[in-house]
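# Fold and contact review
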Amino acid sequence: MDRSPDEKAIALEALSRASGLHNWRLKGVELLPVIQGGMGVGVSAGGLAGTVAGLGGMGTISAVDLRRLHPDLMARTAHLNAEPDAGQRIDAANLEALGREIARARELSGGRGLLAVNVMKALTAYEAYLRHAMACGIDALVVGAGLPLDLPELARDHPEVALIPILSDARGVQLVVRKWEKKGRLPDAIVIEHPRLAGGHLGAAKVADLQDPRFDFDVAIPQVLEFFKTAGIEGRIPLIAAGGIGSLEDIRRLQGIGAAAVQLGTAFAVTTECDAHPAFKQVLADAKPADIVEFVSTAGLPARAVRTPWLDKYLRLEPRLQHKAHKKDSCTMRFDCLAHCGLRDGNASWGQFCIDKTLGHALEGHLDRGLFFRGAGALPFGSEIRPVRDLLRWLLGGIRPAVSTGEAAA
């Protein structure tokens, strides 16, 4: 007989403890030590985040351009072009979609775990997304792709919401913590994301910096903990390691050097419950190490993705496109998703493609037109697409699923 959602969550917690792992706490809630990271456009929405939370973890919705998951909102906005209020109408549709996805995730979670919204600092609607997520009752805000020095002010009226910056080294942590302290707030947790291993936009200034040893967990985590000790805040800010994690042994090792929890993205992107098209999942799952490439995105940040036919063609044409770069009269998608965009602003050293459009094509599974962000590490189940619960049982207990994707008793 299949177990109830509560029983499944309880079984996973017991499995975690039996494996010698330690749960962690955020805003008074005890959580499994595995967090599902935010992935846009539309890859981690209410379905995936709600499932993870429902099993006792923290699930994360990526805020950007969620209207793509709602046919009525796309019908309302996809045709907008030269209208003077096109951007405002698209932004409004995206905020409505964000609210819908938070409500969907909350219903799926059944009151278990916690729900977060991930917002890139580089987004034009950064502040609007944050405010709307808080108004919709989100539990936590996770912010990367830039230093969120303004997050304490933006969240001042919502002290119940956990604030979690994504950083990559001890220097970034020190800067954010010191700036926040002056504003009377400490981060509720910090994600330490390794740019040599993670997927999507990466926390390094340029591609050549991705190999810098200061990002290694064995370097960054002890340095951050030593800073906490000297700053008198030891034990107050949990650290979450992100990038290249794929096994129970990885989590044990990282908890052994001081991480409270780990965050995974790509491994959750290839689960049954992920909100993307099945073809999207298969592209990520089938990718071999030689298929994964780093480049500079339209946001001016190093990024990692699968070398699909589209990306291969773009990288071949990139020098020519950058040579011809010039400021455009308007955004390709009419809502200026990025505050600073290499294509729109004519920045020749940044990417020269529309990131929202290409990520949207990937979400829909279009190999010939899509940009498929992916982490560098091997996936736990190879090319198989498995349920979230199978992934958590593997990460927390080292239990490989049976051949059938049907759920077995925990």
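To be clear, the structure that these remarks concern was listed above.
Only a predicted model underlies this, so the values are computations on that prediction, with no experimental measurement involved.

Cut-offs applied
Residues numbered from 1 in each chain as written. Predicted model: local features only at pLDDT ≥ 70, side-chain atom pairs only at ≥ 80, totals over all residues. Heavy atoms only, no water. Pairing = 2+ DSSP bridges. Helix = DSSP H or I, 4+ residues; strand = E, 2+ residues; numbered from the N terminus. Axes fitted to C-alpha atoms, helices over the stretch in contact; angles between N-to-C directions. Parallel < 35°, antiparallel > 145°, perpendicular 65-115°, else oblique. Left-handed = near helix turned anticlockwise from the far one by under 90°. Contact = heavy atoms within 4.5 Å. Nonpolar A, V, L, I, M, F, W, Y, C, P; charged D, E, K, R; others polar. Salt bridge = Lys/Arg side-chain N within 4 Å of Asp/Glu carboxyl O. Buried < 20%, exposed > 50% of the residue type's maximum accessible area, 1.4 Å probe, protein only. Disulfide = S-S within 2.5 Å.

What follows concerns the pairing of strand β12 (residues 292-296). By the bridge criterion, five bridges tie β12 to strand β13 (residues 302-306) in an arrangement that is antiparallel. Paired with Val-296 across the strands is Pro-302, a residue of β13. Counted along the chain from β12 to the antiparallel partner β13, the turn is five residues long, and its residue Gly-300 has a positive phi close to 80°.

Here we take up unusual backbone geometry. In most cases, non-glycine residues show a negative phi, while peptide bonds are predominantly trans. The linkage connecting Gly-40 with the following residue, Val-41, adopts the cis geometry, with an omega of 5°. In this fold, Val-41 is placed in the loop between β3 (34-36) and α2 (46-54). Despite not being glycine, Asp-336 has its phi angle at roughly 50°, a positive value. Residue placement: Asp-336 occurs in the loop between α12 (309-323) and α13 (342-345).

Here we come to the sheet that holds β13. As a general point, the strands of a sheet are linked pairwise by backbone hydrogen bonds and lie either parallel or antiparallel. One open sheet accounts for three strands, arranged β9-β13-β12; its pairing is antiparallel. Lying at the two open borders of the sheet, with one neighbouring strand each, are β9 (200-201) and β12. As paired strands, β9 and β13 are joined by two bridges and run antiparallel to one another. Directly across from His-201, in β13, lies its bridge partner Ala-303.

The next thing to look at is the packing of helix α1 (residues 5-18) against helix α15 (residues 388-397). Where α1 contacts α15, the two axes come as close as 8 Å, and the packing angle between them is 20°. In this view, α1 runs roughly parallel relative to α15, as classed from their interaxial angle. α15 is crossed by α1, and the crossing has left-handed handedness. The segment α1 lies against α15, with Lys-8, Leu-12, Leu-15 and Ser-16 engaging Arg-389, Leu-392, Arg-393, Leu-396 and Gly-397. Grouping the constituent residues of the contact of α1 with α15 by class yields four nonpolar, two polar and three charged.

To continue, consider the pattern of salt bridges. A full pass over the atoms with the stated rule returns 33 salt bridges. Between Asp-72 and Arg-100 there is a salt bridge; the shortest N-O distance is 2.7 Å. Separated by 28 residues along the polypeptide, Asp-72 in helix α3 (residues 71-77) and Arg-100 in helix α4 (residues 86-109) bring together distant segments of the chain. Owing to a relative accessible area of 37%, Asp-72 belongs among the partly exposed residues under this scheme. On the accessibility criterion, Arg-100 (27% relative accessible area) is partly exposed. Measuring nitrogen to oxygen at the nearest pair gives 3.6 Å for the salt bridge that ties Arg-316 to Asp-312. Here Asp-312 and Arg-316 lie together in helix α12, a separation of four residues that amounts to about one turn.

Applying the stated criterion across every chain, the model contains zero disulfides. This cysteine, Cys-337, is not joined by any disulfide, and Cys-331 carries the nearest cysteine sulfur, 6.0 Å off. Accessibility expressed as a relative area gives 15% for Cys-337, which makes it buried.

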